[in-house]
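# Close look at the chain arrangement
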Amino acid sequence: QMAALLRQTFRALSTKIATPAQAVAAWTRPYTEGLLTAKELEQFWEDGFVIKHNVFRPAELQPCMDAIDDLVDQLAQKLYRGGKIKDLCANAGFFQRLTLLEKQFPSASVLMHKHGVLPPAVQQLWSSKPLMSAATQVLGNDLAGHPVWNLRCKTPRQEQATVPWHQDAAYLNDRSWQTLQLTAWVPMLDATTENGCMQMMRGGHRTGQVANHTCCWGNTWYVDLPVDEMKKIGINPDKDLVTCEVPLGSVLFLNNLIPHRSLDNTSNRIRWSFDLRWQKPTEPSGFEEVKDMIIMKKASDPNYKIDWTSWAGESRTAGQVQAATSRPLTEEDFDTTISGPWMNRWPITHHNRHTASLEAGQKGVKGWHKA
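Residues numbered from 1 in each chain as written. Predicted model: local features only at pLDDT ≥ 70, side-chain atom pairs only at ≥ 80, totals over all residues. Heavy atoms only, no water.

## Observations concerning the confidence of the model for the protein chain
Keep in mind that low pLDDT regions are not for reading the predicted coordinates in detail. Residue-level pLDDT values for the protein chain average 89, and 88% of them are 70 or greater. Contacts from residues 314–325, a stretch scored under 50 in pLDDT, to residues over four places away or in other chains number twelve contacts. Here residues 362–368 is modelled with pLDDT under 50, and outside its nearest four sequence neighbours on either side it reaches 22 contacts, counting other chains as well. (pLDDT = per-residue confidence, 0-100. Contact = heavy atoms within 4.5 Å.)

Shown next as structure tokens:
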């Protein structure tokens, strides 16, 4: 009798525990009106990504470009004040200045990438009507912003700005591997093969599996997904590879299980872009030990307003900003290493200065800085 009861209990539990493939199949939602057409939403479910063209006019993205300009200037001033550079390159343009700073201080782009304060212009982009519309179509009327957002400063021929094959979920704890997380990848110029656009493995999410990654690729902090491991989750690299050139004003939407990478930037211009993420607020984010999500939309409250104040790091007073810009600088201010919990999750097959900083206990988790 006890054995029969145990079998019955096991069968009941088994029906509730979805396989990875079942979990991904359950992500699919019926079409509702919004930014994406029915065909585009179907492509997102089937392929794991979709490019939506003409989402923003260039003028609508200009505030984000202005915010980037301000961040580059702040970095230049800090490097100059710290004696790391001799030329502020103040007259250089939006697509060149950081590259010129990096010639004086290698890995200046890494310092830029580590910047953790979300500028108001990017808050407005993230919560804009078009992006929130697409997020609602994919996830429903309850939306949370994932704590992982990134400004990508892909300077030309910079190894640390070229991200190898990976699944985003590989950077997060396994409690979130069945959570659907939507990324909007928004370039600040025409993203092309020459300047380092993204490549996808079409349909690579369908098994719901997170493949075996290794760490760390080259002289970077990135995990790497070997091609042989992709094949184990049903990917045919020769058939499934898709290069995603994204014009200015367009947006690449992708899920957190689709294998992807960025190409080398062989142009003479910086490939600036943002990646912004949403998920359902009731599901694991995989980043709980570092930072909470931010509620962005509530089905129960159509008039809900996002409170970015403390979450975005914008609660500093003018006096605090002044103190930060006048205090003595230390070498920690110019630390260009990045480490994080993913380094403990996957085999370290290649050691470098980033893994050394983790092993030496020189820093805790400061954020998630990936592709």
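From this point on, the discussion continues.
## Describing the state of the cysteines
The full count for this structure, using the stated rule, is one disulfide. There is a disulfide in this structure between Cys 215 and Cys 216, and the S-S distance comes to 2.2 Å. Like Cys 216, Cys 215 is buried. (Disulfide = S-S within 2.5 Å. Buried < 20%, exposed > 50% of the residue type's maximum accessible area, 1.4 Å probe, protein only.)

## Concerning the pattern of salt bridges
In this structure the tally under the stated criterion is twelve salt bridges. Notably, a salt bridge pairs Asp 47 with Arg 202, separated by 3.2 Å at the nearest N-O pair. Taken together, the residues Asp 47 in helix 3 (residues 38–47) and Arg 202 in the loop between strand 5 (198–201) and strand 6 (214–215) connect sequence positions 155 residues apart. Between Lys 114 and Asp 335 there is a salt bridge; the shortest N-O distance is 4.0 Å. Placement of the pair is Lys 114 in helix 6 (residues 108–114) and Asp 335 in the loop between helix 11 (318–326) and helix 12 (342–345), with a sequence separation of 221 residues. In this structure Lys 114 comes out as partly exposed when scored by relative accessible area, which is 22%. Residue Asp 335 is classed as buried on the basis of its relative accessible area of 15%. (Salt bridge = Lys/Arg side-chain N within 4 Å of Asp/Glu carboxyl O. Helix = DSSP H or I, 4+ residues; strand = E, 2+ residues; numbered from the N terminus.)

## Looking at helix 3
If you check which residues of helix 3 are buried, you get Glu 40, Leu 41, Phe 44, Trp 45 and Asp 47. Against strand 1 (49–52), helix 8 (129–139), strand 4 (182–187) and strand 9 (251–255) lie the buried residues of helix 3. Just past helix 3, the residue Gly 48 takes up positive phi, approximately 95°.

## Some points on the sheet that holds strand 8 (residues 241–244)
Strand pairing within a sheet occurs via backbone hydrogen bonds; the two strands may be parallel or antiparallel. Taken in spatial order, the three strands line up as 8-5-10 in an open sheet, and their pairing is antiparallel. At either margin of the open sheet sits one strand with a lone partner, and together these are strand 8 and strand 10 (260–262). The sheet shows a mean angle of 20° between the axes of neighbouring strands, direction not considered. (Pairing = 2+ DSSP bridges. Axes fitted to C-alpha atoms, helices over the stretch in contact; angles between N-to-C directions.)

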